[in-house]
Amino acid sequence: MIATPDRTPLPRDFFDRPVLDVAPDLLGRILVRTTPDGPIALRLTEVEAYDGQNDPGSHAYRGRTPRNAVMFGPPGHVYVYFTYGMWHCMNLVCGPEGKASAVLLRAGEIIEGAELARTRRLSARNDKELAKGPARLATALDIDRAQDGVDACASRETPLRILAGTPVPSDQVRNGPRTGVSGEGSVHPWRFWVADDPTVSPYRAHVPRRRRT
């Protein structure tokens, strides 16, 4: 018998820890997105850790900018960035304020509101593909830069919240290189996922983008 997921919101203390502790502990947790059209809930199955100025793969490696400012703020806030001129990706800020680190939410299983997610992910062949990859996850949940800076631990009503869910046992957690990261940051095995889960995205090494001639 599968236990009912815990719907208790995760406290800020959960995120006020080293990013490499928070990232695997997010697996099995539930992300709830509240929209005017209704709520969508997602069980996290794949994440990546980015350790700020200690990590060449992080947006915060070279310091604070207007784009990454939320990463330097209080833990438990949402950092959203726009990439390749077409996609948004969602992160959760970790660690003490002033020390930038965040966890990229790479994939998950839609457990509530699938009918709403389908209207945003018309190209998905089945429900397992609705949030299979960070851009797909953001699209399914209607995430864009408007959610950058949202406090996912706020006591008041908030458009994004993380619930305790059902943590994944350590023997079911796998880790390996992060997807699409180049240079020195490519060696860190800081991608974490639930073993054999069909919603986990395939690993892809970094491929340099070619300029059009």
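Coordinates for the structure precede this section.
Residues numbered from 1 in each chain as written. Predicted model: local features only at pLDDT ≥ 70, side-chain atom pairs only at ≥ 80, totals over all residues. Heavy atoms only, no water.

Focus: a nonpolar patch on the surface
Part 1 of the reasoning: Taken together, Tyr84, Met86 and Trp87 make up a surface patch of nonpolar side chains, about 360 Å² in accessible area.
Part 2 of the reasoning: Structurally, the position occupied by Tyr84 is in the loop between strand S4 (78-83) and strand S5 (87-93). (Patch = residues over 30% accessible without salt bridge, like charges linked within 9 Å, V, L, I, M, F, W, Y side chains within 5 Å. Areas by Shrake-Rupley, 256 points an atom, 1.4 Å probe, with all protein chains shown as cover. Salt bridge = Lys/Arg side-chain N within 4 Å of Asp/Glu carboxyl O. Helix = DSSP H or I, 4+ residues; strand = E, 2+ residues; numbered from the N terminus.)

So, the pairing of S5
Part 1 of the reasoning: Among the seven residues of S5, six are classified as buried, and the element is accordingly described as predominantly covered.
Part 2 of the reasoning: Summarising the sheet, S4 and S5 pair through six bridges and their orientation is antiparallel. Of the residues in S5, the one forming a bridge with Tyr79 is Asn91.
Part 3 of the reasoning: Remark: three residues form the turn of the hairpin made by S4 and S5, two consecutive strands paired antiparallel; Tyr84 in that turn has positive phi of roughly 55°.
Part 4 of the reasoning: Pairing of S5 with strand S6 (residues 102-112) involves three bridges; the strand directions are antiparallel. By the bridge assignment, Asn91 is partnered in S6 with Leu104. (Buried < 20%, exposed > 50% of the residue type's maximum accessible area, 1.4 Å probe, protein only. Pairing = 2+ DSSP bridges.)

Some details on the state of the cysteines
Part 1 of the reasoning: In total, this model carries zero disulfides according to the counting rule given.
Part 2 of the reasoning: Residue Cys89 stays outside any disulfide, its sulfur separated by 16 Å from that of Cys94, the closest cysteine.
Part 3 of the reasoning: Residue Cys94 stays outside any disulfide, its sulfur separated by 10.0 Å from that of Cys153, the closest cysteine.
Part 4 of the reasoning: What makes Cys94 buried here is its relative accessible area of 0%. (Disulfide = S-S within 2.5 Å.)

Points about the side chain of Asp55
Part 1 of the reasoning: Mapping Asp55 onto the fold places it in the loop between strand S3 (38-50) and S4.
Part 2 of the reasoning: Looking at Asp55, its side chain comes within polar contact range of the main-chain nitrogen of Asp51, at 3.1 Å.
Part 3 of the reasoning: Dropping the residues within four chain positions of it, Asp55 is found in contact with Ala49, Tyr50, Tyr61, Arg178, Gly185, His188 and Trp190. (Polar contact = N/O pair within 3.5 Å; in protein donor to acceptor, adjacent residues only side chain to side chain. Contact = heavy atoms within 4.5 Å.)

Focus on the pattern of salt bridges
Part 1 of the reasoning: Applying the stated criterion across every chain yields a total of 17 salt bridges.
Part 2 of the reasoning: Between Asp25 and Arg17 there is a salt bridge whose closest N-O contact spans 3.0 Å.
Part 3 of the reasoning: Of the charged contacts in the structure, one is a salt bridge between Asp55 and Arg178, with a shortest N-O distance of 2.6 Å. Of this pair, Asp55 sits in the loop between S3 and S4 while Arg178 sits in the loop between strand S8 (173-176) and strand S9 (191-194), and the two are 123 residues apart along the sequence.
Part 4 of the reasoning: Asp55 sits in the buried class, given a relative accessible area of 0%.
Part 5 of the reasoning: The structure contains a network of salt bridges with shared partners spanning Arg33, Asp37, Arg120 and Asp142.

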